[in-house]
Amino acid sequence: MHKRYWIAIAALPAAIPATTAFAAPAAGDRSFTISGTGASDKNFDSTTFGTTGELGWFMTDALELGIRQSVNVLTIDHGDDSWSGATRGFADYHFGRDTLIPYVGANLGGLYGDGVHDTGAAGLETGVKFYVKDKTFVALQVEYDFLFNDTNDIDNRFDDGAFFYTLGVGFNF
């Protein structure tokens, strides 16, 4: 009798449905992410580092729309320091509802600042969010934006792009 009692207790976890320990975002949630960021030209000849803030809204459990602001600083020995910024709207589609959630998306905005030709930017992005707590995640993202001065440049400017990459922490609320 005593042995059956312990077998029943040991089997109890198997009778409980498996659940995810972390909560993925849901429709109506908002998201705030702060990240360290970098930007490189397409040949990785010129690289800068800075910070990015992002505010998003989940329109569905998978679709997030938002705005992203980056500020980069370049310090040059024996030269003037410069800064650049990028403001982009984005739409990201998230796959799955688990601890590790990959996503793909697109963005549209502009680049500006010292030593940067003010220009429009549009591109594709991909990333992953790793939920370390119920509504807290670590995010890694890479985007490739092509740069253009006006709509006539869009077709032939894909090769004149820049990479943006971020690593940060975010919160759903």
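Just so you know, these numbers come straight off a predicted model, no measurement behind them.

A. Region of interest: the packing of aromatic side chains. The full count for this structure, using the stated rule, is 5 aromatic pairs. Pairing Y93 with F95 gives two aromatic rings, centres 5.1 Å apart and planes at 70 degrees, and the pair type is edge-to-face. Y93 gets classed as partly exposed once you look at its relative accessible area, which sits at 42%. What makes F95 partly exposed here is its relative accessible area of 41%.

B. Structural context of the confidence of the model for the chain. When pLDDT is averaged along the chain, the result is 83; 75% of the residues meet or exceed 70. Note on residues 15–20: pLDDT is under 50 here. Beyond four places in sequence and across chains, it has 3 contacts.

C. Structural view of empty space enclosed by the protein. With the rule as written, the count across this model stands at 1 cavity of 30 Å³ or more. Its volume calculated, the largest cavity comes out at about 80 Å³. Secondary structure elements with two or more residues in the lining of the largest cavity: strand 1 (30–41), strand 2 (47–58) and strand 7 (136–148). It is strand 7 that contributes the most residues to the lining of the largest cavity, 3 residues altogether. Per-class residue counts for the lining of the largest cavity are 3 nonpolar, 5 polar and 3 charged.

D. Region of the structure containing the pattern of salt bridges. Taken as a whole and assessed by the stated rule, the structure comprises 8 salt bridges. Put simply, K129 and E64 hold a salt bridge, and the shortest N to O gap is 3.1 Å. Taken together, the positions of K129 in strand 6 (residues 119–133) and E64 in strand 3 (residues 63–74) put the pair 65 residues apart, joining distant regions of the chain. Note on accessibility: K129 and E64 belong to one class, buried. Where R68 meets E125, a salt bridge forms, and the shortest distance between an N and an O atom there is 3.0 Å. Of the two residues, R68 is situated in strand 3 and E125 in strand 6; the sequence distance between them amounts to 57 residues. The pair formed by R68 and E125 is uniform in burial state, with each residue classed as buried. Linked through salt bridges whose partners overlap, the residues forming this network are E54, R68, R88, D92, E125, E143 and D145.

Rules and cut-offs
- Residues numbered from 1 in each chain as written.
- Predicted model: local features only at pLDDT ≥ 70, side-chain atom pairs only at ≥ 80, totals over all residues.
- Heavy atoms only, no water.
- Phe/Tyr/Trp six-rings, centres within 6.5 Å; stacked < 30°, edge-to-face > 60°.
- Buried < 20%, exposed > 50% of the residue type's maximum accessible area, 1.4 Å probe, protein only.
- pLDDT = per-residue confidence, 0-100.
- Contact = heavy atoms within 4.5 Å.
- 1 Å grid on protein atoms, 1.4 Å probe; cavity = no way out; pocket = protein on both sides within 12 Å on 5 of 7 lines; lining within 4 Å.
- Points joined across faces, edges and corners; volume = space filled by probe spheres on them.
- Helix = DSSP H or I, 4+ residues; strand = E, 2+ residues; numbered from the N terminus.
- Nonpolar A, V, L, I, M, F, W, Y, C, P; charged D, E, K, R; others polar.
- Salt bridge = Lys/Arg side-chain N within 4 Å of Asp/Glu carboxyl O.

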